[in-house]
Amino acid sequence: MLPFYGDPTQFMTAVKSVLAQDNPDWRLVIIDDQYPDPAPGEWAAAIEDPRVTYRRNTKNLRISGNFNESIRLMENSHAIILGCDDILLPGFVGRALELIERFPDAALIQPGVEIIDGEDHVYSPLADRIKAMCRPSGSGTREVGGEELVTSLLRGNWLYFPSLIWRVSELKSRAFRTDLEVVQDLDMILGIIEADNTLVIDEQTVFQYRRHAQSLSAKRGPDGKKFIEERAVFDAAASRAKARGWRRAARAASLRLTSRANALTELPAALRAGSGASTRSLLRHVFGG
């Protein structure tokens, strides 16, 4: 599934990366969320491959709404919700099918990911080095779940949402929260794991995740809105963990150390912008209870 609203050049690169898969056993559904320029959609609609479907929403659903539209249109047993600025390496589908066969009951699979910038160059930002430190310990392909997994995600969300392979039956019974624009993925994932499902971690790199200044998450950092969402999700997760007797998970959600540290790094940009409201929101997130 490829929800689209973004840079047309990066969108076309994403689509071409699907067409270039070594394994032909895939289906691509492009969901255009009323992008103002019709040219990218016209390009996609003209692709002569029966595995590719192009749809344009009748109204703009916004990001979470278009994720839910993706769920509605899923037909296969497993799917990904590919970012319109990300890239599948040629072996992605083949490796995904191997992992699905090996772990048929896993609700989620996290394949190996590398980070690229706006010009497609591979690099290793500090944020992603920190994410790697938050992952559950171990090496090789492994299945994790329960409090260990939830605690690790509350310490720092180390997953890469656009690369995740979802078991569709789990998604069909749920929906992304439309009041969230940045951390709706974490909220969804926590709900799935808390329902006694498991996640597979794989080390083989088959996906390129784009981290750049134009992403919604990057824009929502300095204005503080990202962290308002995070507080709501973390507070709810802490309450659920306490009710379940998951003390380590509850503590991680209450402390939210990496989230506070991230907010602290956004303060200089808020100060430079002269936004008192954003600065106060960030300070509240860093030092609040």
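Residues numbered from 1 in each chain as written. Predicted model: local features only at pLDDT ≥ 70, side-chain atom pairs only at ≥ 80, totals over all residues. Heavy atoms only, no water.

Asker: Honestly, the overall build of the chain in this entry has me stumped. Any pointers?
Answerer: Within the chain, the regular secondary structure consists of 13 helices and ten strands. For a compact globule of 289 residues, the expected C-alpha radius of gyration is about 19 Å, and the chain comes in at 19 Å, within 12% of that figure. With the C-alpha coordinates of the chain rotated into their principal frame, the extents come out at 55 × 45 × 35 Å. A total of 289 residues make up the chain; the buried ones form 52% of that total. Of the contacts made within the chain by residues no fewer than 6 positions apart, 79% connect residues no fewer than 24 positions apart. For the chain, the exposed surface amounts to about 13400 Å²; the carbon and sulfur share of it is 52%. Charge centroids of the chain, computed over 37 positive and 38 negative side chains, lie 8 Å from each other. (Helix = DSSP H or I, 4+ residues; strand = E, 2+ residues; numbered from the N terminus. Rg over C-alpha atoms; globule rule 2.2 N^0.38 Å. Buried < 20%, exposed > 50% of the residue type's maximum accessible area, 1.4 Å probe, protein only. Contact = heavy atoms within 4.5 Å. Areas by Shrake-Rupley, 256 points an atom, 1.4 Å probe, with all protein chains shown as cover. Lys, Arg positive; Asp, Glu negative; His and termini not counted. Charge placed at Lys NZ, Arg CZ, Asp CG, Glu CD.)

Asker: Where do I start with the environment of Gln 184 in this structure?
Answerer: Considering the arrangement of structural elements, one finds Gln 184 in helix H8 (residues 184-194). For the pair Gln 184 and Ala 132, spaced 52 residues apart in sequence, the C-alpha to C-alpha distance is 21 Å. In contact with Gln 184, not counting residues within four places along its chain, are Ile 63, Ser 64, Phe 67, Phe 176 and Arg 177. Polar side-chain contacts of Gln 184 include one of 3.3 Å to the backbone oxygen of Glu 181. At a separation of 3.5 Å, a polar atom in the side chain of Gln 184 contacts the main-chain amide nitrogen of Val 182. (Polar contact = N/O pair within 3.5 Å; in protein donor to acceptor, adjacent residues only side chain to side chain.)

Asker: In this structure, what is going on with helix H5 (residues 126-134)? I would like to understand it.
Answerer: For an α-helix the count is 3.6 residues per turn, leaving residues at separations of three or four pointing the same way. Where H5 is concerned, the buried positions are Asp 128, Lys 131 and Cys 134. Summarising the axial view, the buried residues of H5 lie within an arc of 105°, below the 170-degree limit, and thus occupy one face. H5 presents Leu 126 and Met 133 as exposed residues on the side facing more than 90 degrees away from its buried surface. In this structure, the buried side of H5 is in contact with strand E6 (108-116), helix H6 (146-155) and helix H12 (257-273). (Arc of directions from axis to C-beta.)

Asker: I would appreciate a short explanation of the pairing of strand E10 (residues 198-210) in the present structure.
Answerer: Side chains on a regular strand alternate between the two faces of the sheet. Pairing between strand E5 (residues 87-88) and E10: two bridges, direction antiparallel. Opposite Ile 87, over in E10, you have Gln 208 as the bridge partner. (Pairing = 2+ DSSP bridges.)

Asker: Help me understand a nonpolar patch on the surface in this model?
Answerer: Together, Leu 126, Ile 130 and Met 133 give the surface a local cluster of nonpolar side chains, amounting to about 330 Å² of exposed area. Note that Leu 126 resides in helix H5. (Patch = residues over 30% accessible without salt bridge, like charges linked within 9 Å, V, L, I, M, F, W, Y side chains within 5 Å. Salt bridge = Lys/Arg side-chain N within 4 Å of Asp/Glu carboxyl O.)

Asker: Explain the packing of aromatic side chains here, please?
Answerer: What describes a pair of aromatic rings is the distance from one ring centre to the other and the angle between the planes of the rings. Applying the stated rule across the entire model yields eleven aromatic pairs. Judged by centre distance (5.0 Å) and plane angle (50°), the rings of Phe 4 and Tyr 35 are tilted. Highlighted residues: Phe 4 in strand E1 (residues 2-4) and Tyr 35 in the loop between strand E2 (28-32) and helix H2 (39-45), separated in sequence by 31 residues. Each of the two residues, Phe 4 as well as Tyr 35, counts as buried. For the pair Phe 11 and Trp 43, a centre-to-centre distance of 6.1 Å together with 75° between the ring planes defines the contact as edge-to-face. Here Trp 43 lies in helix H2 and Phe 11 lies in helix H1 (residues 8-19), a separation of 32 residues in the sequence. On the basis of relative accessible area, Phe 11 is assigned to the buried category, the value being 0%. Linked through ring pairs, Phe 4, Tyr 5, Phe 11, Tyr 35 and Trp 43 together constitute an aromatic cluster. Taking NZ or CZ as reference, Lys 131 lies 4.5 Å from the ring centre of Tyr 160, over its face. (Phe/Tyr/Trp six-rings, centres within 6.5 Å; stacked < 30°, edge-to-face > 60°. Lys NZ or Arg CZ within 6 Å of the ring centre and 35° of its normal.)

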